[in-house]
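# Coordinate analysis (summary)
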Amino acid sequence: GTVESRGMGTIAKSRDAVSQEIQEFIDGEGNSLWAEVRSFFTVWLFVTRLPSPSWVDAHPGYLMRGMTYFPLCGAIIGTIVSAFYDLFSITLSLPLVASSII
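Residues numbered from 1 in each chain as written. Predicted model: local features only at pLDDT ≥ 70, side-chain atom pairs only at ≥ 80, totals over all residues. Heavy atoms only, no water.

## With respect to the overall build of the protein chain
The number of helices and strands found in the protein chain is five helices and zero strands. Counting only residues that meet the buried cut, the protein chain has 22% of its 102 residues in that class. Total accessible area computed for the protein chain in this model is approximately 7,300 Å², and 65% of it derives from carbon and sulfur atoms. (Helix = DSSP H or I, 4+ residues; strand = E, 2+ residues; numbered from the N terminus. Buried < 20%, exposed > 50% of the residue type's maximum accessible area, 1.4 Å probe, protein only. Areas by Shrake-Rupley, 256 points an atom, 1.4 Å probe, with all protein chains shown as cover.)

## Considering the packing of aromatic side chains
Note on aromatic pairs: each is described by the distance of the centres and the angle between the planes. Inspection of every chain in the model, using the stated rule, returns six aromatic pairs. Ring geometry for F40 and F41: centres 5.2 Å apart, planes at 70 degrees, overall edge-to-face. When the centroid spacing of 6.2 Å and the interplanar angle of 85 degrees are considered together, the rings of F46 and F70 count as edge-to-face. Taken as a pair, F46 in helix α2 (residues 33-47) and F70 in helix α4 (residues 70-91) lie far apart in primary sequence, 24 residues in all. Of the residues examined, F70 reaches a relative accessible area of 32% and is grouped as partly exposed. (Phe/Tyr/Trp six-rings, centres within 6.5 Å; stacked < 30°, edge-to-face > 60°.)

## As for the side chain of S39
Its place among the elements puts S39 in helix α2. Exposure remark for S39: the relative accessible area of 0% places this residue in the buried category. The residues contacting S39, other than those within four sequence positions of it, are Y62, R65, G66 and Y69. (Contact = heavy atoms within 4.5 Å.)

## Remarks on the nonpolar core
Counting five residues, the largest nonpolar core consists of F40, V43, W44, Y69 and C73. Of the residues forming this core, the biggest block, three residues, is contributed by α2. Excluding its chain neighbours within four sequence positions, the residues that come into contact with W44 are L50, P51, S52, C73, I76 and I77. (Core = buried A, V, L, I, M, F, W, Y, C linked by side-chain atoms within 4.5 Å.)

Given below as structure tokens:
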């Protein structure tokens, strides 16, 4: 089945109309590389406050397509945070508590 939103917005639409709208979006994009890249950066924009390309917006369709990229974004963020933690704890010889706060 197709994932549907709980809210129907201000315009009253039936669930079938919303399902059809979502399915048309998914079918219309296909499996192109561009759609996957845009889905990844939409998730990146949603999860972080880090910079993302200017052509990325928070379109719900791309966010829905990009659900598979949430673990990848989490791994990238975890790697960045652990690199900064190691930088502050090892090279600057800060105590572990101070390194984790920074």
